[in-house]
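Overview (structure and organization)
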Amino acid sequence: MSPIDLVITVCAVLSPTTCEEQHLVFANGGASLQQCAMKAPPYIAQWIGEHPKWTAVRWRCEYPHSNDKA
């Protein structure tokens, strides 16, 4: 079972053009990328609850290091 990264693009509430990506480990063993994306909202809500100065604008799921070059 490969881990999956939940990648959330968040922007500052007081400065909406200030955005960054946050990587969270999606802890649901054996899930597919599609299942991760569908089950992501509670994880995102928890992160936003812990970081109230940020708002989530989009998210995606990917396998870790899937964008690394060989």
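The text that follows walks through the structure, step by step, so that each part is easy to find. (Residues numbered from 1 in each chain as written. Predicted model: local features only at pLDDT ≥ 70, side-chain atom pairs only at ≥ 80, totals over all residues. Heavy atoms only, no water.)

1. Regarding the pairing of strand β1 (residues 4–12)
Residues in a regular strand point their side chains to alternate faces of the sheet. Applicable threshold: Relative accessibility thresholds used throughout: buried, under 20% of the residue-type maximum; exposed, over 50%; partly exposed, between the two (1.4 Å probe, protein chains only). By definition, any uninterrupted DSSP run of H or I lasting at least four residues is a helix, any uninterrupted run of E lasting at least two residues is a strand, and each is numbered from the N terminus. Strand pairing follows a simple DSSP-based rule, namely that at least 2 bridges must link the two strands.
Most of β1 is tucked away: nine of the nine residues are buried. A two-sided burial pattern is seen for β1, the buried positions comprising I4, L6, I8, V10 and A12 on one face and D5, V7, T9 and C11 on the other. If you look at the hairpin formed by β1 and strand β2 (residues 19–26), you'll find six residues sitting between the two strands. Alignment of β1 against strand β3 (residues 54–62), held across eight bridges, turns out to be antiparallel. Within the sheet, the bridge partner assigned to A12 lies in β3 and is W54.

2. Considering the side chain of D5
Note the following rule: Between two residues, a contact is recorded if the distance between any of their heavy atoms is within 4.5 Å.
Within the element layout of this structure, D5 appears in strand β1. Aside from chain neighbours lying at most four places away, what touches D5 is H23, L24, V25, R60, C61, E62 and P64.

3. Considerations on the sheet that holds β3
For the record, the criterion: Think of each axis as a best-fit line through the C-alpha atoms, taken over the contacting stretch in the case of a helix, with angles from 0 to 180 degrees between the N-to-C directions.
Spatial ordering of the open sheet is given by β2-β1-β3, a layout of three strands whose pairing is antiparallel. The sheet terminates laterally at β2 and β3, the two strands that pair on one side only. The average angle at which neighbouring strand axes cross in this sheet is 25 degrees, direction not considered.

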